[in-house]
Amino acid sequence: MHTTGPSVDQRAQRDVSTGGAPVAPRALRPRQELRAGLFAAVLAMGAYCVAMAVRGTYPFGARGRAINDLGNQFVPFYAHFWDLLHGKGGGDLLYNWSSAFGVPYLGDFFTYLANPFSWLTPLFPRDAVNMPVFLTTLLSIGLGTGLMTHWLGRVRPGSAWLRALLAVGFGLCAWAVNEGSPDPMWSWGLVSVPLIGIAVDWALRGRHWVLAPLLVAVGWFGNFYTAAMATLAAGLIALVRVLLWDAGLRTKVLGLLRAAAAIAIGVALVAPVLLVSYESSKLASPMPPAPIRLPSFVDQVAWLLPAVRYQFAGPDTAVGMLALLLCLTFPFMRRVPVRERIAWTALLVVTWASMIFQPTLILWHGGAAPNGSPFREAFVYSAMLVTVAWLALSRRPALKELLGGAALIVVVVVCAVFGTVHGSRELEYMLPTVVVGGLLAIAGVEALRRSRGHARATRVVGAALALTVFAGGVVQVYSLDALRDRHRPFFAPKATVNAQTKAAAAALAATDHWPVSRTDPGPHSFADNDSQLLGGQGGDYYSSYVPAQTAVAMGRLGLMYTMAGRHVFSPDDPAGRAVFGVTSYLQDASSDPNNANGFVQRHQTASPLLTVHPHGPAGAAATTPFQRLDDLLGATVWEVPKLTQTAGAPAEFRSDGQLVVPGTKAGQTVPTFTASCPVGSEVHVNSGFVSGTITVNGTSAAVLGSYPLTKYGLPGFGTVGADGKITMTVRSPRPQTFLAAQIGCLDLAKLDAAVAAQHASGPTEFQVSGHGFSARLPRGSTGYAVFASTVRTGWSCSVDGSAAVSPVDYDGLFGIPLGPSGASKLSCTYTPPGVRTGAIGTGIGLMGLLVPPGYLWVRRRFPLFRPPA
């Protein structure tokens, strides 16, 4: 008869050092775990909602804010997602026709909308799209708190209700409020930490081979960015637990190998998410590297305290006074083996060091320097703090030990009071919270120890601790939100769904003729992604995945961009609008007190979205936006006059056409230039990266260019008067460099004629699908078909049914060679780069997931495959 040795579970049950080893399955009761998890979730979500209600923020007040400072940035993504799921607006999961005149969408979906709670969006009216944004954050806090309750029990068994109280500290950690709530997709990180931790625990114990990788996959799918941080943290915690595991080397190594395999298979299952996002990032407009500025060590220590927010980014690790007190008490607890105290304390120290040592800091952020806060991984440190706090609370620390932890809190408070970045505003919330919360925590934990063995007294003390934790959570969320407004009032967004946005959306819908032409929601005064928020097919787009092809092409055609191309805008000039097929757009009227909507809708003629050009692109021969626009229109509609300086300090006219205008100090004559243009033509200044005040014929405009981040476009300055003269002044405290061709004069009659000619030679039929388009052309069309969009990578086109070819760069737009013999039809389709390779990765992951249990099933069912006795 075949016999086997003790199972991994049996060996785990014999282990007495549960501060490091896996917990026996029967140590946790499922029903109690579920009830405690729900209790923790309700407590955390309730505290969050109460704090927001007291603050009067959405959805509890009339302040008009859409979840702290995320209103402008993410509500439009949810609005577009709503449109997509309701079959409106064109496009699909692969492509977005609403933004930047057509851009890939799958990367945005995986990055901003993969959090499963985002998928509640279609259940709400579109006018209430703010609500699912709020719920994404709120429910992520709740689920993460509930799962953390269970995870703590797998580290060391003990009261599920006490674990729930510590889990609330994690769910409402400072990171959750400061980083998670403004970026709702990151809130999934609160779920990923315990979720992946549970998966690793199962793998260490050799259980749930199929479920463990699936948990990892869910964590990574919901938000791969924070899941990568959570996975690294889970690996560090697993190393400590295995180190403390009372087992042989072989058992330890096999446990770690199983954990590594579970993580690898789970990540492979979501390979399309990773590879599509990676390719989107690789193709995106690059941001210039920014220096990583870290606060001093003293200031970093102060971030451990609750209810504080400082004027620049720091490690938002605060987990409330109860968890902080217990965590700092842990090193003093004699009943905890020295080896265990050293191991867990070393984990906290090493992890903290890795967050401030630049090479490992970059590793935490996926191998790239963070564009923003350098402490986005702080939530995993909060999870470690709560874990160590549970290891202390589960052993009921004595009063002397608690006083040792309290002494360390005093040291942290001294760091906060005498640090370099903390003023009275920051301290007004922190000091009362620390003093009151600290005293209540000490009293509660000591009472809990004394009541051990007395069920009724323990329940009373537990209820008091729950109220303390709830109140502390309310104060933390309230104070962090209040301090955010003080430090960054400019971040408080305008309302994203109100009477003005509804009126704008209605105006756009009434003039929507897609795909015959585009309706542009400019001037982008409502949000950073008006085209997604309001509908239409504008040029604006703000995302980490704005393609470099789009940013470069728009900049070269005279369109504005900021953030080095990661935020692009619609054209300022009629020629640019004509090239991109825009026949109606919104014009800013916010300065008109009689205009309640804040906009006026304008209309103009525009070229078809697909035009036929008998010649090739101008390429390098076109060096200015005016030349490129002329080439795309097939006619000369711009005149570029020669400038003559008439006043001010001498400017430098360079041989390449650039103009360097000297800075002007108070009392100095402003540099002045004159030129001549046809009467009645529109004047546009190629402002480029100039920053200052430009005045043309008495009309002034402030431009805020800044190389290489902000290129300002072609702002208009009215029409040329009867004398045909143009006078331009440039006022700036520093020298400013204009690109070649500083002024362009647009002949509107010639523009109308050029548009009419392109309609005459354009397609007889044109259709756009979710991620493709097709057209019938006049028979024998030669040269190039040019589609009014900028992205070419990932597209393939077929002309008259021939083999697929890749589109070419036609003055920055999407060019399709028609061949010398002529063509009558074409079709193009888009495939996201990385999606096919990702599907292969998923297949490999499925094999890794199913082959081992399949092999065991075959071995049990068929005696032939059993090993000999």
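Below is a short write-up of the structure. Remember, it's a predicted structure, so these values are computed and weren't measured experimentally.

What counts and what doesn't
Residues numbered from 1 in each chain as written. Predicted model: local features only at pLDDT ≥ 70, side-chain atom pairs only at ≥ 80, totals over all residues. Heavy atoms only, no water. Core = buried A, V, L, I, M, F, W, Y, C linked by side-chain atoms within 4.5 Å. Buried < 20%, exposed > 50% of the residue type's maximum accessible area, 1.4 Å probe, protein only. Helix = DSSP H or I, 4+ residues; strand = E, 2+ residues; numbered from the N terminus. Pairing = 2+ DSSP bridges. Salt bridge = Lys/Arg side-chain N within 4 Å of Asp/Glu carboxyl O. Expected span 1.5 Å × (residues − 1).

Overview of the nonpolar core
Then, number 1: If you look at the biggest cluster of nonpolar residues, it comprises 160 residues, and the most contacted ones within it are L166, L322, L326 and W344.
Then, number 2: Ranked by the residues each element gives to this core, the list is headed by helix α17 (residues 378–393), at 14 residues.
Then, number 3: Judged by nonpolar contacts, the second largest core, of 57 residues, contains W97, L557, V568 and F626.

Considerations on the sheet that holds strand β13 (residues 659–661)
Then, number 1: The antiparallel open sheet is built from three strands, whose spatial order is β12-β13-β20. In this open sheet, the two edge strands, each paired with only one partner strand, are β12 (652–653) and β20 (736–738).

Here we look at the pattern of salt bridges
Then, number 1: Tallied over the full model, the rule gives 13 salt bridges.
Then, number 2: Between R55 and D481 there is a salt bridge, with its nearest N and O atoms 2.7 Å apart. Here D481 lies in helix α20 (residues 455–487) and R55 lies in helix α2 (residues 30–55), a separation of 426 residues in the sequence.
Then, number 3: Across the salt bridge formed by K282 and E279, the nearest N and O atoms sit 3.5 Å from each other. With K282 and E279 both in helix α12 (residues 271–283) and three residues apart, the pair spans about one turn of that helix.
Then, number 4: By sharing partners, the salt bridges in this structure join R154, D201, R205 and R241 into a single network.

Digging into α17
Then, number 1: Between its first and last C-alpha atoms α17 spans 23 Å; for 16 residues at 1.5 Å apiece the expected length is 22 Å, and the two agree.
Then, number 2: Of all 16 residues in α17, 16 are buried, a share of seventy percent or more.

Side note on the sheet that holds strand β15 (residues 682–685)
Then, number 1: The four strands are arranged β10-β21-β15-β18 in an open sheet whose pairing can be described as antiparallel. The open sheet has two free edges, formed respectively by β10 (638–639) and β18 (716–719), since each of these has just one partner strand.
Then, number 2: As defined by bridge partners, β10 adjoins strand β21 (residues 743–746) across two bridges and the pair is classed as antiparallel. The residue bridging W638 from the neighbouring strand is L746, located in β21.

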